[in-house]
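Chain and residue survey
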Amino acid sequence: MTDDPTHGADAVAITGVSGRFPGAPDLDRYWGALRDGRRTLTDFDKDELLAAEVPGDELRRPEYVRTKGWLADADRFDFRHFGFNRSEAAALDPQHRLLLQTAWSALQDAGHDPRTPPARTGVYAGGGLTEHMLAAHDDERLAATLGELQVRILTDREFLAPWISYRLGLDGPSVGVQTACSTSLTAVHLAVQALLLGECDTALAGGVALDAVRPRGYLYRKGGIFSPDGRCLPFASEAAGTVPGNGVGLVVLRRLEDALADGDPVRAVIRGSAVTNDGAGKVGFTAPGVAGQTAAITEAWAAAGLEPARAQYLEAHGTGTKLGDRVELAAAAAAFAAAGTGRIALGSVKANIGHLDAAAGVAALAKTVLMLQRRTLVPSAGVTRPHPELGMADTPFRLPAAAEPWTVQEGGPRLAGVSSVGIGGTNVHVVLEEAPQPRPGVGRRTARPARVFSGEALGALHRTTGADGDASGPLRPEPDASPKRPAGALEAALARMLVETLGLDGPQDLGRTYFEAGGDSLAAVTLVGRIRDEHGIEAPITVFLEDFPLHGLVDRIVAQAAKDPLAGLLEEFEAGQ
């Protein structure tokens, strides 16, 4: 380890890490798979995919690949723990659910009680598109129940960071980040900059990708980025494309000098980082560019005050595509040229878990942090020989075939680079150093006991389908218990509306106040509109904000209806139907 205090003023400590990746619901199992060089992608059988409503005609196509980096139990959410009612939780996008739970456990890993988080904590995070979000925005029944704005707030990825800030009480900047495949590592870079500029004192950074909670494969198209056989083998002689995957990861960041002074559990140190874009210097919008990637690497190491030649490991973006691997290796070879031939180990976690899209960068970062902590270099699953067309023998890189001790020449610190590349040209590189020794006389903060989240299987919104996958029904949320009807047609209708909107178990919950039942001001606006549209009653919004039980709220709205002749006539008409 290093104990060099000279870089403390411009270095950032990674004090906590949490993530869920394909085949690895926690970091211990993630490390086990990485160390053993195991591929943790899931190969589905036909019956599983049919049960998950994959269209039969699509599944029968010979180019349909039944493989994915799948995240098991991604539909489960401990919604009461985070203050959501059942209706909100069912509408809440699974990406939001995963990121909230990961934020909680990341703070715990950093030694903090998430119920009393550090002051001035910022959030920098992004995600991908989901089936759930697309379905929710097309569901008229859901919009009528919760309101269109509430549906958007609960499902759109631009609210991923703000929900974390709101539910955990974090008062630093809350920034959504979207740079395609490099999203989560870009989020880390922005968080580092914010800490160094004094915009926050602690930061959560990373990303999530969960396009679907149910089993899915993908269609292979010749000339596309996806692998024909469900294997991703970056830089290998057999490389033929990437495999899509799902996952989530967040790191907790603090300025190194603050972390050391407070005795935080430093996992690794970010010495420098940089972001560039290829601009027009490439063959097409989706293609990578050599110059932009080289610039990201050299600028990050310059920011760290270190020579790239000192690196012992590079965690590459490594998609396993012929163009992507060739461009990335050429860019990295130029940046690390002074290291000599074959001195830097090269890897890509996509060989193990697939390409996690917006969470790809943080998955790579977490892998590298784990290697630094354990002083072990690990192989990329299934990758043994480099592709002969890459000319790797003439570069500074080599491919480890098995786990090996991470040795350091001349007693220097262990140093690594992590790269991420996004479609559209946003390149990110982060320079990592192993953690320094804790300062003498400073108490060491330890990780608090991952709370294990399971919760209810809320599922996701989706279309019901026929045997061959044709749409045959409306979008639907998970079913909820049907409440018993209290006496009186209007009372019954209002009670049913409250039960539905607030996700209550039934009329027995009407003894709780509106806010105790999980209501908020936006839901109150929606309820006022529904009461007016469906019953012709102008209920004042203030009735929802007063401190009395929900059955009392119903009584007050009924009393309001008695003063309104139009509402009374409407009630008589409905009662006669």
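Residues numbered from 1 in each chain as written. Predicted model: local features only at pLDDT ≥ 70, side-chain atom pairs only at ≥ 80, totals over all residues. Heavy atoms only, no water.

Turning next to the overall build of the chain. Within the chain, the secondary structure is distributed over 20 helices and 21 strands. Relative to the compact-globule value of 25 Å for 577 residues, the chain shows a C-alpha radius of gyration of 26 Å, a close match. With the model as given, the accessible surface of the chain reaches about 23,000 Å², and the carbon-plus-sulfur share is 52%. Side-chain charges in the chain split into 56 positive and 72 negative, and the spacing between the mean points of these groups amounts to 5 Å. (Helix = DSSP H or I, 4+ residues; strand = E, 2+ residues; numbered from the N terminus. Rg over C-alpha atoms; globule rule 2.2 N^0.38 Å. Areas by Shrake-Rupley, 256 points an atom, 1.4 Å probe, with all protein chains shown as cover. Lys, Arg positive; Asp, Glu negative; His and termini not counted. Charge placed at Lys NZ, Arg CZ, Asp CG, Glu CD.)

With that settled, consider the state of the cysteines. Enumeration over the complete set of coordinates arrives at 0 disulfides. Looking at the unpaired Cys232, the closest cysteine sulfur is the one in Cys181, lying at 12 Å. Take Cys232: its relative accessible area is 2%, and that puts it in the buried class. (Disulfide = S-S within 2.5 Å. Buried < 20%, exposed > 50% of the residue type's maximum accessible area, 1.4 Å probe, protein only.)

Moving on: the packing of helix 5 (residues 94–109) against helix 9 (residues 160–168). The contact between helix 5 and helix 9 brings their axes to 10 Å, and the two run at 50°. Considering their axes alone, helix 5 and helix 9 lie oblique with respect to each other. Once helix 5 is placed against helix 9, the crossing between them reads as right-handed. On helix 9, the residues that touch Gln95, His96, Leu99, Leu100, Ala103, Trp104 and Leu107 of helix 5 are Leu160, Trp163, Ile164, Arg167 and Leu168. Partitioned by chemical class, the residues of the contact of helix 5 with helix 9 number 9 nonpolar, 2 polar and 1 charged. (Axes fitted to C-alpha atoms, helices over the stretch in contact; angles between N-to-C directions. Parallel < 35°, antiparallel > 145°, perpendicular 65-115°, else oblique. Left-handed = near helix turned anticlockwise from the far one by under 90°. Contact = heavy atoms within 4.5 Å. Nonpolar A, V, L, I, M, F, W, Y, C, P; charged D, E, K, R; others polar.)

Further remarks concern the pairing of strand 17 (residues 415–421). For a regular strand, side-chain orientation follows a simple rule: the groups alternate between the two sheet faces. Counting buried residues along strand 17, 7 of its 7 residues qualify, which places the element largely inside the surrounding structure. Both faces of strand 17 are covered, namely the face carrying Leu415, Gly417, Ser419 and Val421 and the face carrying Ala416, Val418 and Ser420. Across 3 bridges, strand 12 (residues 313–315) lies against strand 17 in parallel orientation. By the bridge assignment, Leu314 is partnered in strand 17 with Gly417. What sits between the antiparallel neighbours strand 17 and strand 18 (residues 426–434) is a turn of 4 residues, in which Gly424 has the positive phi angle 105°. (Pairing = 2+ DSSP bridges.)

A word on the sheet that holds strand 18. Taken together, 11 strands build an open sheet; the order of strands is 7-6-8-10-1-11-18-17-12-13-15 and the sheet is mixed. Every interior strand has two partners, whereas the edge strands, strand 7 (174–176) and strand 15 (397–398), have only one. The sheet contact formed by strand 17 and strand 18 spans 7 bridges and is antiparallel. Counted as the bridge partner of Ser420 is Val428 from strand 18. Relative to strand 18, helix 15 (residues 360–374) is tilted by about 15°, and along the sheet it contacts strand 1 (12–20), strand 8 (202–209), strand 10 (247–255), strand 11 (268–277), strand 12, strand 13 (344–347), strand 17 and strand 18.

Attention shifts here to the nonpolar core. Grouped together as the largest cluster of nonpolar side chains are 50 residues, with contacts concentrated most on Ile14, Tyr30, Leu253, Ile270, Leu365 and Leu432. Ranked by the residues each element gives to this core, the list is headed by helix 15, at 10 residues. Among all residues touching Leu365, those that are not within four sequence positions of it are Ile14, Leu185, Val188, Val251, Val418, Val430 and Leu432. Ala125, Trp163, Val252 and Leu458 belong to the second largest nonpolar core, which has 43 residues in total. (Core = buried A, V, L, I, M, F, W, Y, C linked by side-chain atoms within 4.5 Å.)

The subject of this paragraph is the environment of Val327. With respect to the element layout, Val327 can be found in helix 13 (residues 322–335). Sequence separation of Val327 and Arg29 is 298 residues, and the distance between their C-alpha atoms is 32 Å. Contacts of Val327, omitting those with residues within four sequence positions, involve Pro288, Gly289, Val290 and Gln293.

Time to look at the packing of aromatic side chains. Any two aromatic rings considered together are summarised by their centre-to-centre distance and by the angle between their planes. A full pass over the atoms with the stated rule returns 15 aromatic pairs. Here Tyr218 and Phe226 contribute two aromatic rings whose centre-to-centre distance is 5.0 Å and whose plane-to-plane angle is 45°, an arrangement assigned as tilted. What makes Tyr218 buried here is its relative accessible area of 5%. When its relative accessible area of 27% is taken as the criterion, Phe226 is described as partly exposed. Seen from their ring centres, Tyr514 and Phe544 are 5.3 Å apart, and the 65° between their planes marks the pair as edge-to-face. You can see Tyr514 sitting in the loop between helix 16 (489–502) and helix 17 (521–535) and its partner Phe544 sitting in helix 18 (residues 542–545), a full 30 residues away along the chain. Each of the two residues, Tyr514 as well as Phe544, counts as buried. Put simply, the rings of Phe77, Phe82, Phe84, Trp104, Trp163, Tyr166 and Phe453 touch in pairs and so form one group of aromatic residues. Stacked on the ring of Phe84, the Lys or Arg Arg167 has its end atom at 4.1 Å from the ring centre. The ring of Phe285 carries Lys282 above its face, with NZ or CZ at 5.6 Å from the centroid. (Phe/Tyr/Trp six-rings, centres within 6.5 Å; stacked < 30°, edge-to-face > 60°. Lys NZ or Arg CZ within 6 Å of the ring centre and 35° of its normal.)

Bringing helix 5 into the picture now. Compared with the 22 Å implied by 1.5 Å per residue over 16 residues, the 22 Å span of helix 5 between its first and last C-alpha is a close match. Within helix 5, 15 of the 16 residues are buried, leaving the element largely enclosed by the surrounding structure. For helix 5, the N-terminal capping position is held by Asp93, with its side-chain oxygen 2.9 Å away from the main-chain nitrogen of Gln95. Looking one or two places after helix 5, you find Gly111, whose phi comes out positive at around 90°. (Expected span 1.5 Å × (residues − 1). Polar contact = N/O pair within 3.5 Å; in protein donor to acceptor, adjacent residues only side chain to side chain.)

This next bit is on the pairing of strand 10. Summarising burial for strand 10: 9 of the 9 residues are buried, a large majority. Alternating residues of strand 10 divide into Gly247, Gly249, Val251, Leu253 and Arg255 and Val248, Leu250, Val252 and Arg254, and every residue in both groups is buried. Direction of pairing for strand 1 relative to strand 10: antiparallel, over a ladder of 8 bridges. If you follow Arg20 over to strand 10, its bridge partner there is Val248.

What follows is about the confidence of the model for the chain. Predicted coordinates in areas of low pLDDT are best not read in detail. Per-residue confidence for the chain averages 89 on the pLDDT scale, and 91% of its residues sit at or above 70. Within the model, pLDDT remains below 50 along residues 463–487, and this stretch shows 51 contacts once partners closer than five positions in the same chain are excluded. (pLDDT = per-residue confidence, 0-100.)

As a further point, take unusual backbone geometry. Its identity is not glycine, yet Ala180 carries a phi of approximately 60°, on the positive side. Mapped onto the fold, Ala180 is located in the loop between strand 7 and helix 10 (183–196). The backbone of Asp357 sits at a positive phi, close to 55°, despite the residue not being glycine. As for its placement among the helices and strands, Asp357 is situated in the loop between helix 14 (350–353) and helix 15. Asp357 sits in the partly exposed class, given a relative accessible area of 32%.

Using the criterion set out here, one finds 35 salt bridges in the structure. One salt bridge connects Lys68 with Asp211, and the closest N-O pair in it is separated by 2.6 Å. Taken together, the residues Lys68 in strand 4 (residues 67–68) and Asp211 in the loop between strand 8 and strand 9 (218–219) connect sequence positions 143 residues apart. Judged by its relative accessible area of 2%, Lys68 falls in the buried class. The residue Asp505 makes a salt bridge to Arg86 at a minimum N-O spacing of 2.8 Å. Here the residues in one salt-bridge network are Glu53, Glu131, Arg214 and Arg216, joined through shared partners. (Salt bridge = Lys/Arg side-chain N within 4 Å of Asp/Glu carboxyl O.)

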